[in-house]
Amino acid sequence: MNEKDIWGMRSVILTAILVAAAFVIFILPRVFELGTVVLLYLLILVGFVVSFIFGLLSKKSFKVFSLIAKTVLLLGLGEE
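Residues numbered from 1 in each chain as written. Predicted model: local features only at pLDDT ≥ 70, side-chain atom pairs only at ≥ 80, totals over all residues. Heavy atoms only, no water.

> Give me the lowdown on the nonpolar core, citing residues and values where you can.
Residues Leu 18, Val 19, Ala 22, Ile 25, Val 37, Ile 44 and Phe 48 constitute the largest nonpolar core, which totals 7 residues. Ranked by the residues each element gives to this core, the list is headed by helix α1 (residues 6-27), at 4 residues. (Core = buried A, V, L, I, M, F, W, Y, C linked by side-chain atoms within 4.5 Å. Buried < 20%, exposed > 50% of the residue type's maximum accessible area, 1.4 Å probe, protein only. Helix = DSSP H or I, 4+ residues; strand = E, 2+ residues; numbered from the N terminus.)

> So what about the packing of α1 against helix α2 (residues 34-56)? Which residues, and what values?
In contact at an axis separation of 9 Å, α1 and α2 are set at 160° when each is read in the N-to-C sense. On the basis of their axis angle, the class for α1 and α2 is roughly antiparallel. Considering only the axes of α1 and α2, their crossing is left-handed. Side by side, α1 and α2 meet where Trp 7, Arg 10, Ser 11, Leu 14, Thr 15, Leu 18, Val 19, Ala 21, Ala 22, Ile 25 and Phe 26 of the first sit next to Val 37, Leu 40, Tyr 41, Ile 44, Gly 47, Phe 48, Val 50, Ser 51, Phe 54 and Gly 55 of the second. In the contact of α1 with α2, the residues fall into 15 nonpolar, 5 polar and 1 charged. (Axes fitted to C-alpha atoms, helices over the stretch in contact; angles between N-to-C directions. Parallel < 35°, antiparallel > 145°, perpendicular 65-115°, else oblique. Left-handed = near helix turned anticlockwise from the far one by under 90°. Contact = heavy atoms within 4.5 Å. Nonpolar A, V, L, I, M, F, W, Y, C, P; charged D, E, K, R; others polar.)

> A description of the side chain of Ser 51 should follow, citing residues and the corresponding values.
Within the secondary structure, Ser 51 sits in helix α2. On the basis of relative accessibility, which here comes to 0%, the residue Ser 51 falls in the buried class. Other than its neighbours up to four places away in sequence, Ser 51 contacts Ser 11, Leu 14, Thr 15 and Lys 70.

Structure follows, in structure tokens:
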């Protein structure tokens, strides 16, 4: 049976959107007030946790990629 990995695809799409949003906020910090920037980063962090859960629900071969990618991206986001 050739099933598509829906959870894995959701995880990848959500991660790509969150990374793009983090870069936009990082590049344009003067457009937003400090409280807004902190709130947006918290929302992005929550989105990464949701994406991480989507990755855990995916198939085994995709889980390993998802765990490694999310760990690297979360550490990178924390460094900003």
